[in-house]
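Given next are the chains, with one letter for each unit.
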Amino acid sequence: MVKAGEELTVPGSGAPGEPCSLTRESAEAAWVGWNQEQDRAGGYAGSTPTR
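As the structure is a prediction and not an experimental result, all values here were calculated from the model.

**Observations regarding the overall build of the protein**
- Scanning the protein for helices and strands turns up one helix and two strands.
- N-terminal to C-terminal, the α/β element order of the protein is β-β-α.
- Expressed as a percentage of the 51 residues in the protein, the buried residues total 2%.
- Working note: accessible area of the protein is about 4,700 Å², and carbon and sulfur atoms make up 53% of it.

**Here's the deal with the environment of proline 19**
- By the secondary structure assignment, proline 19 is in the loop between strand E1 (6–7) and strand E2 (20–21).
- Put simply, proline 19 and threonine 9 are 10 residues apart on the chain and 7.7 Å apart in space, counted from C-alpha to C-alpha.

Basis of the calculations
- Along each chain, numbering runs from 1 in the same order as the chain's sequence is written.
- Note on the predicted model: pLDDT of at least 70 is required for a residue's local features to be given, and 80 or more for side-chain atom pairs to be given and counted; whole-chain, interface and lining totals, by contrast, use all residues.
- The side-chain numbers reported here are obtained from all heavy atoms of the structure, hydrogens and water having been left aside.
- Put simply, DSSP H or I for four residues or longer makes a helix, DSSP E for two residues or longer makes a strand, and each gets a number counted from the N terminus.
- Relative accessibility decides the category of a residue: with a 1.4 Å probe and only protein chains considered, values under 20% of the type maximum give buried, values over 50% give exposed, and everything between is partly exposed.
- Note on areas: Shrake-Rupley, 1.4 Å probe, and residue coverage restricted to the protein chains presented here.

In structure tokens:
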């Protein structure tokens, strides 16, 4: 059974390992953090993005 915040890997042999804490690549973690900041700030829906 996998709970929230956990992942389960299944190697080519087909025998699943034990659930463990989620892992993220550093680039993905940075994007997730940025996205969460946007959500806390109210996002940018309805506004025109600036470049």
